[in-house]
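# Working through the structure, step by step
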Amino acid sequence: MGSSRRALLAAGAAALLVATPARALGRRRPFGRYGSPSARLTERTLYVDPGGAGDFTTVQAAVTAASGSGWTLVLAPGTYRETVAVDPTRTSMTWLGASQQAGDVVIVYDNAAGTAKPGGGTYGTTGSATTTVQAEGFTARWITFANDWLRADHPDISGTQAVALKVQGDRSAFLDCRFLGHQDTLYADTLALGTFARQYFRGCYAEGDVDFVFGRATAVFEGCTFRTLDRTDLAAPPYGFVFAPSTAVANPRGYLVAGGLITSQAADGAYKLARPWVPSSDTTARPMLTVRECQLGAGIDAVAPYANMSDSFPWQNQRFAEYRNTGPGARITVPANRPQLTAVQAQSATAAAYLGDWAPPAPRKGRW
């Protein structure tokens, strides 16, 4: 038994560590450049492989074993059909897709808000999440987070929200990741109303139809692609909304989308860019969204890009703004319908201003 394995046992992982099956030893480097259970990247690295070549075959088992702070999980290519929860005690955790291709590592499940729970009741929007991250300092790279629940398969269920990822921790970063779903795909939120959690997404891809990027976090999306899906269950547009922030009124920073791209499978003008979400749990919320220097495809309704979720909270009273966007979906056809930042205002609408004293992790030699 090597020193790395002894360190894992000392950390309390003994109950869940499994021996590497002999049949798996002949597989060709499922963890790529990141070592293996016999040659660990660090003593606080765990390896996950659905084929049995790692310490664990499920992501949740590895998370459970990684008690405390500072663990790295290396995920071999494969589909991990499970729900995963990272509680607040497991801080500064990193997940890496071993192949460095997000499409190769997929964490997916199919609960919806209206799905019946085994013990009675339904999951609700929060409980539908395939992956929930509550810990601070979480980083993921080259991972796909998905929820493949489909309305067409469940015509009896009215609660069609189906979250792929719910992230609530401060200083959470997602680099080169994918978020796949339909309604409420990516829930960028906080643990409490008075908590202003900061989250950073770079080079990511998100797709969906209704409010598929939503929540009350301070979230920065740099160089990300958002894709609206076609729908055959509705007779006419609008089919949905890309963003639905629910920023607390006391939070000076909501969602910032910079240098991104919005594309669509649907007909031209079938989608709205955003609508404000003022939840019943916080009726004082004043949603904030700034979209700057992005390319908006023809799928976005250029005449009326914003709409109300509730007429009691009109979008015009919220904090929505744009700056120097391009593309057919960014045309300013009715100026009152597209609030624009001035050049001076745009100087404070940056990632650095939103994230404050936190610099998100960047790829470093020997780390990624």
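Everything below is about the structure printed above this text.
A brief report on the enclosed structure follows. This structure is a prediction, so every number in the text was calculated from the model and none was measured.

### Quick look at the nonpolar core
Of all hydrophobic cores here, the largest spans 69 residues; its most connected members are Trp95, Phe174, Phe226 and Phe243. Counting residues per element, this core draws most heavily on helix α2 (residues 59–65), which supplies 4 residues. Counting residues in each nonpolar core, the second largest holds 15 residues, with Tyr200, Leu256, Leu341 and Ala349 among its members.

### Side note on the side chain of Asn147
Checked against the element boundaries, Asn147 lands in strand β11 (residues 144–147). When its relative accessible area of 3% is taken as the criterion, Asn147 is described as buried. For Asn147, the residues in contact, after removing those within four places along its chain, are Val108, Tyr109, Asp110, Asn111, Ser128, Thr130, Ala162, Val163, Ala164, Leu180 and Gly181.

### Observations regarding the pairing of strand β23 (residues 261–264)
On a regular strand, each side chain points to the face opposite its neighbour's, so the side chains alternate between the two faces of the sheet. In the sheet, strand β20 (residues 225–228) pairs with β23 via 4 bridges, with the strands oriented parallel. Looking across to β23, one finds that Arg227 is bridged to Thr263. In terms of strand pairing, β23 meets strand β26 (residues 295–296) through 2 bridges, oriented parallel. Its bridge partner being in β26, Leu261 is matched across the sheet by Gln295.

### Observations concerning the pattern of salt bridges
Under the defined criterion, the tally for this structure stands at 16 salt bridges. Linking Asp148 and Arg81 is a salt bridge whose minimum nitrogen-to-oxygen distance equals 2.9 Å. In this pair, Asp148 sits in the loop between β11 and β12 (165–167) while Arg81 sits in strand β5 (residues 78–81), placing the two residues 67 residues apart along the sequence. Accessibility expressed as a relative area gives 43% for Arg81, which makes it partly exposed. Salt bridges sharing partners connect three or more residues here, namely Glu136, Asp170, Arg171, Arg198 and Asp357.

### Points about the packing of aromatic side chains
The tally for this structure, following the rule as stated, stands at 19 aromatic pairs. On the basis of an interplanar angle of 20 degrees and a centroid distance of 4.0 Å, the ring pair of Tyr187 and Phe214 is categorised as stacked. A residue pair is termed long-range when its members are at least 10 positions apart, and Tyr187 in strand β15 (residues 186–188) and Phe214 in strand β18 (residues 213–215) qualify at 27 residues. In terms of burial, Tyr187 and Phe214 fall into one category: buried. On the basis of an interplanar angle of 55 degrees and a centroid distance of 6.2 Å, the ring pair of Tyr187 and Trp277 is categorised as tilted. With Tyr187 in strand β15 and Trp277 in the loop between β24 (271–274) and β25 (288–292), this pair connects stretches of sequence that are 90 residues apart. Site record: aromatic cluster; members linked through ring pairs are Trp95, Phe138, Phe145, Phe174, Phe179, Phe201, Phe221, Phe226, Phe243 and Tyr255. The cationic tip of Arg253 hangs over the ring face of Tyr354; the distance from NZ or CZ to the ring centre is 5.4 Å.

### Looking at the sheet that holds β18
With respect to topology, 7 strands assemble into an open sheet ordered β6-β9-β12-β15-β18-β21-β24, the strand pairing being parallel. The sheet terminates laterally at β6 (84–86) and β24, the two strands that pair on one side only. Here the average twist between neighbouring strands, direction ignored, is 15 degrees. Note that β18 and strand β21 (residues 240–245) share 3 bridges and pair parallel.

### Section: the sheet that holds strand β27 (residues 319–323)
Taken in spatial order, the 10 strands line up as β3-β4-β7-β10-β13-β16-β19-β22-β25-β27 in an open sheet, and their pairing is parallel. Only two strands of the sheet have a single neighbouring strand rather than two, namely β3 (45–48) and β27. Here the average twist between neighbouring strands, direction ignored, is 10 degrees. As paired strands, strand β7 (residues 94–97) and strand β10 (residues 139–141) are joined by 3 bridges and run parallel to one another. Along β10, the bridge assignment pairs Thr94 with Thr139.

### Observations regarding unusual backbone geometry
Trans peptide bonds make up the majority, and among non-glycine residues the majority have a negative phi. In the segment running from Pro237 into Pro238, the intervening peptide bond is cis, with an omega of 0 degrees. One can find Pro238 in the loop between β20 and β21. Phi at Arg171 takes a positive value of approximately 55 degrees, unusual for a residue other than glycine. Tracing the backbone through its elements, the reader meets Arg171 in the loop between β12 and β13 (172–175). The exposure class of Arg171 is partly exposed, given its relative accessible area of 27%. Phi is positive for Asp176, close to 55 degrees, though the residue is something other than glycine. Position of Asp176 relative to the elements: it lies in the loop between β13 and β14 (178–180).

Rules used throughout
- Residues numbered from 1 in each chain as written.
- Predicted model: local features only at pLDDT ≥ 70, side-chain atom pairs only at ≥ 80, totals over all residues.
- Heavy atoms only, no water.
- Core = buried A, V, L, I, M, F, W, Y, C linked by side-chain atoms within 4.5 Å.
- Buried < 20%, exposed > 50% of the residue type's maximum accessible area, 1.4 Å probe, protein only.
- Helix = DSSP H or I, 4+ residues; strand = E, 2+ residues; numbered from the N terminus.
- Contact = heavy atoms within 4.5 Å.
- Pairing = 2+ DSSP bridges.
- Salt bridge = Lys/Arg side-chain N within 4 Å of Asp/Glu carboxyl O.
- Phe/Tyr/Trp six-rings, centres within 6.5 Å; stacked < 30°, edge-to-face > 60°.
- Lys NZ or Arg CZ within 6 Å of the ring centre and 35° of its normal.
- Axes fitted to C-alpha atoms, helices over the stretch in contact; angles between N-to-C directions.

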